[in-house]
Amino acid sequence: MNRLDDMEALARRTSPDDFTRNNHFPVFVSRYVAEGDLRKSTTGRSANGPRGLTMQHVKASTELLLQPVTRERWIGIHRAQDGYSHPWLAVGRDRRSDVMINDYTISAIHAQLFVLPLVGRILLADAGSTNATAHNGTVLETGEQQMLVDGDEVRFGRLVFTFFHARSFYRYLLGEWTEPRTLVS
């Protein structure tokens, strides 16, 4: 993951058009870590990743207690040069993942991102991960897809990220981004 303050400095030196032209991909920004214990996985769903089994994230209660990360970081959502050759982008702990997240609660291939370039949308799906994928607090079933929009919270294992398209990421870096208001209350 990349340091957010480095990208913030770049955003302050460039215009929105120049920033989005040079950094046109959407991003995940790390925001929170869920409290809980790590335990060796005993389920058959664990994937043998490059560094062993995925650890199970065990929570003391059903409510997820989130702690802010000490330093926000960002991950670009784009095809890795030497990654997998799937029609979707792989999110996972494996170094070949398009969106690589180095955490023991992340499965080797944790989730999938389906990019729909003609409509400018990205769909998120869980790939049968050990510690689940959640979209705005709702845990996804394996293969269930949800469309991502700016400001969505996405949880992979114990890590919670906020999703941004490039122009919204630029505004977020400058402190000018506000969450969109929902039409339904």
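Residues numbered from 1 in each chain as written. Predicted model: local features only at pLDDT ≥ 70, side-chain atom pairs only at ≥ 80, totals over all residues. Heavy atoms only, no water.

## Examining the environment of Arg 95
Secondary-structure assignment places Arg 95 in the loop between β7 (89–92) and β8 (99–100). Here the alpha-carbon distance between Arg 95 and Asp 82, two residues 13 residues apart in the chain, equals 9.2 Å. (Helix = DSSP H or I, 4+ residues; strand = E, 2+ residues; numbered from the N terminus.)

## Details of the sheet that holds strand β9 (residues 111–116)
Sheet architecture is open: five strands sit in the order β8-β7-β9-β10-β13, paired in mixed fashion. Unpaired on one side and paired on the other, β8 and β13 (145–148) mark the two borders of the sheet. Strand direction decides the pairing type here: strand β10 (residues 121–126) and β13, joined by four bridges, are antiparallel. Within the sheet, the bridge partner assigned to Ala 125 lies in β13 and is Gln 145. (Pairing = 2+ DSSP bridges.)

## So, the pattern of salt bridges
Tallied over the entire structure, the rule returns eight salt bridges. Two residues, Asp 17 and Arg 167, come together in a salt bridge whose shortest N-O distance is 2.8 Å. Of the two residues, Asp 17 sits in helix α2 (residues 16–22) while Arg 167 sits in helix α3 (residues 166–173), which places them 150 residues apart along the sequence. For the salt bridge of Arg 158 with Asp 103, the shortest nitrogen-to-oxygen distance reads 2.8 Å. Of this pair, Arg 158 sits in the loop between β14 (153–156) and β15 (159–164) while Asp 103 is found in the loop between β8 and β9, placing the two residues 55 residues apart along the sequence. Accessibility expressed as a relative area gives 24% for Arg 158, which makes it partly exposed. We classify Asp 103 as buried; its relative accessible area is 9%. (Salt bridge = Lys/Arg side-chain N within 4 Å of Asp/Glu carboxyl O. Buried < 20%, exposed > 50% of the residue type's maximum accessible area, 1.4 Å probe, protein only.)

## Observations concerning the pairing of β9
Pairing geometry for β7 and β9, over three bridges, is antiparallel. What sits directly across from Val 91, in β9, is Ala 111. Where β9 meets β10, six bridges bridge the pair, whose relative direction is antiparallel. Counterpart to Phe 114 in the pairing with β10 is Leu 123.

## As for α3
For α3, a buried count of six out of eight residues is recorded, marking the element as mostly surrounded by other parts of the structure. Looking only at α3, the buried set comprises Ala 166, Ser 168, Phe 169, Tyr 170, Tyr 172 and Leu 173. Gly 175 sits one or two positions beyond α3 and adopts a positive phi of about 75°.

## Some thoughts on the packing of aromatic side chains
All chains considered together, the criterion is met by eleven aromatic pairs. Aromatic side chains Trp 74 and Phe 169 sit 6.0 Å apart centroid to centroid with 50° between the ring planes, which places their arrangement in the tilted category. Taken as a pair, Trp 74 in strand β6 (residues 73–76) and Phe 169 in helix α3 lie far apart in primary sequence, 95 residues in all. In this structure, Trp 74 and Phe 169 share a single accessibility class: buried. Members of the aromatic cluster, connected to one another through ring pairs, are Phe 19, Phe 25, Trp 74, Phe 164, Phe 169, Tyr 170, Tyr 172 and Trp 177. (Phe/Tyr/Trp six-rings, centres within 6.5 Å; stacked < 30°, edge-to-face > 60°.)

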